[in-house]
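Commentary on secondary and tertiary structure
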Amino acid sequence: MDEDSLAPVIQEIKGALQDMDEEKLREELNKYLMYGINLREARNAIIRKYGGRPNTASIGTLDLKDLTGAENNFDVIVRCMGCSERMLKTQNGEKPLVIGLLADRTMIRRFSSWEGHMLEKGRTYVIHGASARPFRGEVEISLGPYATFEEPEEDPLADLDVGGLPRYGPLVQVKLKDIHHGMGNVEVVGKIIGMEEKTITANDSPKRIIDGMMADETKRLRFTCWSELPYNVGDVIRVKGAYVKDWRGIPQVNFDERAEIDLLEDVEIDIEGSRRLNAEDLQFAGATDVEVRGVLIEIREGSGLIFRCPVCNRALTSGTCAVHSEQEGVPDLRVKVVIDDGTGSLFAVLNTEITEELLCMDVPECVRKYGTTDGRELIEQLNKRLLGRTFVLRGNVIKDDFGSTMLPGSISEDEFPYMDEVKSILETMEGY
Amino acid sequence: MVRGRETAQRLFAVEYNSSRFEDRAIEENAPNYVITPLGSHVNRLFFMGVLMNKTNTGTGDLPNFKAEVRDPTGTFYLYAGQYQPQPLAVLSHLEPPALVGVVGKVRTFTKEDGTFYSSVKPESIFKVDVPQRDRWVLETSRFTLERIKAYEDVLEMEEPSLELLAEKGHPTRAGECALDALRHYGRSEVKAYADAVKIALMAVVEGNGRPVEIGNAEPVKEDIGEDVKATVLSIIKELSGERGALYRDIMKECEARSIDKITLEEIIQALLDEGQVYEPTIGLIKSI
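The rules behind the values
- Residues numbered from 1 in each chain as written.
- Chains lettered and ligands numbered in written order.
- Predicted model: local features only at pLDDT ≥ 70, side-chain atom pairs only at ≥ 80, totals over all residues.
- Heavy atoms only, no water.
- Helix = DSSP H or I, 4+ residues; strand = E, 2+ residues; numbered from the N terminus.
- Rg over C-alpha atoms; globule rule 2.2 N^0.38 Å.
- Buried < 20%, exposed > 50% of the residue type's maximum accessible area, 1.4 Å probe, protein only.
- Contact = heavy atoms within 4.5 Å.
- Areas by Shrake-Rupley, 256 points an atom, 1.4 Å probe, with all protein chains shown as cover.
- Buried area = accessible area lost by both parts, 1.4 Å probe.
- Salt bridge = Lys/Arg side-chain N within 4 Å of Asp/Glu carboxyl O.
- Polar contact = N/O pair within 3.5 Å; in protein donor to acceptor, adjacent residues only side chain to side chain.
- Lys, Arg positive; Asp, Glu negative; His and termini not counted.
- Pairing = 2+ DSSP bridges.
- Phe/Tyr/Trp six-rings, centres within 6.5 Å; stacked < 30°, edge-to-face > 60°.
- Domains from an automatic or database assignment.
- Axes fitted to C-alpha atoms, helices over the stretch in contact; angles between N-to-C directions.
- Parallel < 35°, antiparallel > 145°, perpendicular 65-115°, else oblique.
- Left-handed = near helix turned anticlockwise from the far one by under 90°.
- Nonpolar A, V, L, I, M, F, W, Y, C, P; charged D, E, K, R; others polar.
- Expected span 1.5 Å × (residues − 1).

Describing the overall build of chain A
A tally of helices and strands in chain A yields seven helices and 21 strands. Relative to its length of 432 residues, chain A is extended, with a C-alpha radius of gyration of 29 Å against a globular reference of 22 Å. Viewed in the frame of its principal axes, chain A has a C-alpha envelope of about 90 × 65 × 60 Å. Here chain A, with 432 residues, has 47% of them falling under the buried criterion. A sequence separation of at least 24 residues applies to 59% of the contacts in chain A between residues at least 6 apart. Here chain A displays about 22900 Å² of accessible surface, and carbon together with sulfur accounts for 46% of that area.

Side note on the interface of chain A and chain B
Counting residues at the interface gives 31 residues for chain A, matched by 36 residues for chain B. Contact between chain A and chain B buries roughly 3100 Å² in total, counting both sides, with carbon and sulfur atoms accounting for 61%. Where chain A packs against chain B, one counts five salt bridges. A salt bridge links Glu298 of chain A to Arg5 of chain B, with the shortest nitrogen-to-oxygen separation between them at 3.0 Å. One can count ten residue pairs in polar contact (both at pLDDT 80 or more) joining chain A with chain B. Secondary-structure elements contributing two or more residues to the side of chain A that touches chain B are β14 (287-299), β18 (330-340), β19 (345-350) and α7 (419-428) of chain A. If one sorts the elements of the side of chain A that touches chain B by residue count, α7 of chain A sits on top with six residues.

Remarks on the side chain of Glu265 of chain B
Residue and element names in this part refer to chain B. In this fold, Glu265 is placed in helix α10 (residues 261-274). The charged side chain of Glu265 is buried without a salt bridge, its nearest counter-charge being Arg70 at 4.1 Å. In this view, Glu265 contacts Asn17, Arg70, Thr73, Gly74, Thr75 and Tyr247; residues no more than four positions away in its chain are not counted.

Section: the pairing of β18 of chain A
Two faces, one strand: in a regular strand the side chains alternate between the faces of the sheet. Residues and elements named next belong to chain A. Within β18, eight of the eleven residues are buried, leaving the element largely enclosed by the surrounding structure. In this sheet, β18 lies alongside β14 in antiparallel orientation, the contact comprising four bridges. Within the sheet, the bridge partner assigned to Glu298 lies in β18 and is Val338. Sheet topology note: the strand β15 (residues 304-308)/β18 ladder contains five bridges and is antiparallel. By the bridge assignment, Ile306 is partnered in β18 with Asp332. Where β18 hands over to β19, the hairpin turn is made up of four residues, of which Gly342 adopts a positive phi near 90°.

Remarks on the packing of aromatic side chains
Pairs of aromatic rings are described using the distance from one ring centre to the other and the angle between the two planes. Residues and elements named next belong to chain B. Going through the model one piece at a time under the given rule, you end up with seven aromatic pairs over all chains. Note on Tyr16 and Phe76: the rings are 6.0 Å apart at their centroids and 35° apart in plane angle, and the pair reads as tilted. Of this pair, Tyr16 sits in helix α1 (residues 13-17) while Phe76 is found in strand β7 (residues 74-80), placing the two residues 60 residues apart along the sequence. Residue classification places Tyr16 among the buried residues on the basis of a relative accessible area of 1%. Take Phe76: its relative accessible area is 0%, and that puts it in the buried class. With centroids separated by 3.7 Å and ring planes inclined at 10°, the aromatic side chains of Phe47 and Phe76 adopt a geometry described as stacked. Of this pair, Phe47 sits in strand β5 (residues 44-56) while Phe76 sits in strand β7, placing them 29 residues apart in sequence. For the pair Phe47 and Phe76, a shared accessibility class is recorded, and that class is buried.

Some remarks on the domain arrangement of chain A
We note that the domain assignment places domain 1 (3-56), domain 2 (70-164), domain 3 (172-272) and domain 4 (287-413) within chain A. Its C-alpha centre places domain 1 of chain A at a distance of 51 Å from the equivalent point of domain 3 of chain A.

A short note on the sheet that holds strand β11 (residues 277-278) of chain B
Residues and elements named next belong to chain B. Across the sheet, which stays open at both edges, the three strands sit in the order β10-β12-β11 with antiparallel pairing between neighbours. Only two strands of the sheet have a single partner each, and these edge strands are β10 (245-246) and β11. Pairing between β10 and strand β12 (residues 284-287): two bridges, direction antiparallel. Bridging from a neighbouring strand, Ala245 pairs with Ile285 of β12.

Description of the packing of α7 of chain A against helix α3 (residues 130-156) of chain B
It is the contact of α7 of chain A with α3 of chain B, at a shortest axis distance of 10 Å, that shows an interaxial angle of 30°. What the angle tells us is that α7 of chain A and α3 of chain B run roughly parallel. Crossing hand, α7 of chain A versus α3 of chain B: left-handed. Residues Glu421, Val422 and Ile425 of chain A of α7 of chain A form the contact with α3 of chain B, whose own contacting residues are Leu138, Arg142 and Leu145 of chain B. Within the contact of α7 of chain A with α3 of chain B, the residues separate by chemical class into four nonpolar, no polar and two charged.

Thoughts on the pattern of salt bridges
In this structure the tally under the stated criterion is 42 salt bridges over all chains. Between Asp374 of chain A and Arg376 of chain A there is a salt bridge whose closest N-O contact spans 3.5 Å. The class for Asp374 of chain A is exposed, based on a relative accessible area of 59%. Arg376 of chain A gets classed as exposed once you look at its relative accessible area, which sits at 64%. Through salt bridges with shared partners, a single network forms among Arg385, Arg389 and Glu413 of chain A together with Asp129 of chain B.

Points about α10 of chain B
Spacing of three or four residues puts side chains on the same side of an α-helix, whose turn is 3.6 residues. All names here are of chain B. A rise of 1.5 Å per residue sets the reference length of α10, with its 14 residues, at 20 Å; its end C-alpha atoms lie 20 Å apart and thus fit the reference within 8%. Most of α10 sits inside the fold, with eleven of its 14 residues counted as buried. Within α10, the full set of buried residues consists of Lys261, Ile262, Thr263, Leu264, Glu265, Glu266, Ile267, Ile268, Gln269, Ala270 and Leu271. The positive-phi residue at the C-terminal boundary of α10 is Gly275, with phi of around 80°.

Following this line, the structure appears as structure tokens:
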């Protein structure tokens, strides 16, 4: 290995140890390398050998754009662009997590800290002992217990204009169906199919935003524009630099004055099919007001006649609410099902009205008939009526750790005519 | 990360039964997959067909059902034990023949000589009507053709990749299958599966709303002829060891004499029906 590439490493080792001779270190390092040990391990071994802590040896000041997610213990000079604390439930109880955005002259990245390192928005810091790690496909800066902060008297980033900086992650072009939570910097093209102005309270002051729906060939999604949007319903726009927020697993496109928004006058998008989705397109992201056609292949536990807690509406288990203990239950009907269309599957919870319709029986009648039974007979009825049949379900799909769940507002059996399609496929197969 | 629910794959019996590989989980609770010749990774599957017969191999307290469900292309073999209460309950009451739908998980068995068998552990069995079955055939044909077409394009490519397949308009799911088919089975013939799709769709057209099943109503199509049947029977006798002849070996021998898989299945079904041969265990055929 040539001497030049060793020099910075030797400086690092020297920095981590006290009063070491540079020549001696070079000799040591070469020895390790001769045994085929890689540079990083050799560095750590030498630091340890002389009583140092390899992790406390900074690898120097880095630019945010150069981080790959594997760096430990480096310095950054950054401005905090925002920071908030939230409580996260972990195995050991609740723990505060600080998350926020940092900017330097090269880009904007997220940071997180379990150590409660709150930074002040707009202030510039020299941070020592930061580390980088991959998070949801992006690189995030982690501020651990060894991180220390300096506030320089003269702000080295005083003239920084964050507006033009790339956000974390490279700009990716995506179709709406491929958008999911955690994406930082996306380019989308969509037709505005609805929008309204709203005033909300942000940081204790009123702010005007535009709330709307956009659609492309693949899906329709809610969007929020935090700045002016001089376009109308029906216009096709391209947004470069949008970011994604998430509500109950349903992604929403967000953008503000930092995004580049263009009107595409000559582009027509066929949004006819944007409401009908395959189950596979809903595995990683929820959706608002969509249709799925699939076969009902399973009726799950907790279906049929249930009794709800009069206080919180939770379903009771043997007359007991998980929160409010024993209760006189309020009867209700629901069916929890699995819908599978061959590309993927999702859970769906059929509400009272839909269940009543499917059973041709309302809740009081059901209570009269099955109120005192173990409910198996009712499930048997549902099995006979529903299993193996094809349905079109329409409604919202929420997504959590256990998968995607549809809460259909309506459901209808799809007895589509098939003979014509069967014949036309046979015609196309003449060549086989 | 919570694993997503396994999709119930749509595929015909001939594709499922021709599988020779599986992706067995090493990690606990991870799913097993059967990899079909068209590259489908099957953990859960969904099919419809005629319940041909059922046998209770268990005892009164611990019933254990073995059943056969025939689609237009072949037979799915089902095994339901005490941990499949719903299928057990249905099978104990339902009299064959009956048109049923089945959702189930893969069940595999590899013999010492390496012969691989794939059968089904049902999760639920339910009665269906003819239009439902016909819609299943249509849907399954669509998915099968999608895999066939992607695989054919993969065979044309020097360096096949998902991107190239996407450019040709294949959905990602079909592209992934095609690449896996090539990886596991190499370059192989897909005509049998295209034929299966054709036969299945024809059955829908010819049945015209009636539950016509090739294996049920007409065990052997007239055009197959007695001499082919005699050939198959002699092949079985030739290959028979003490316990019978391996289905796979019979298939190979028949392929060499250009008797295709589906015809073979039909003939063997006919021979079984006529009592000329019997099946001591799955995959073994023995002449009387």
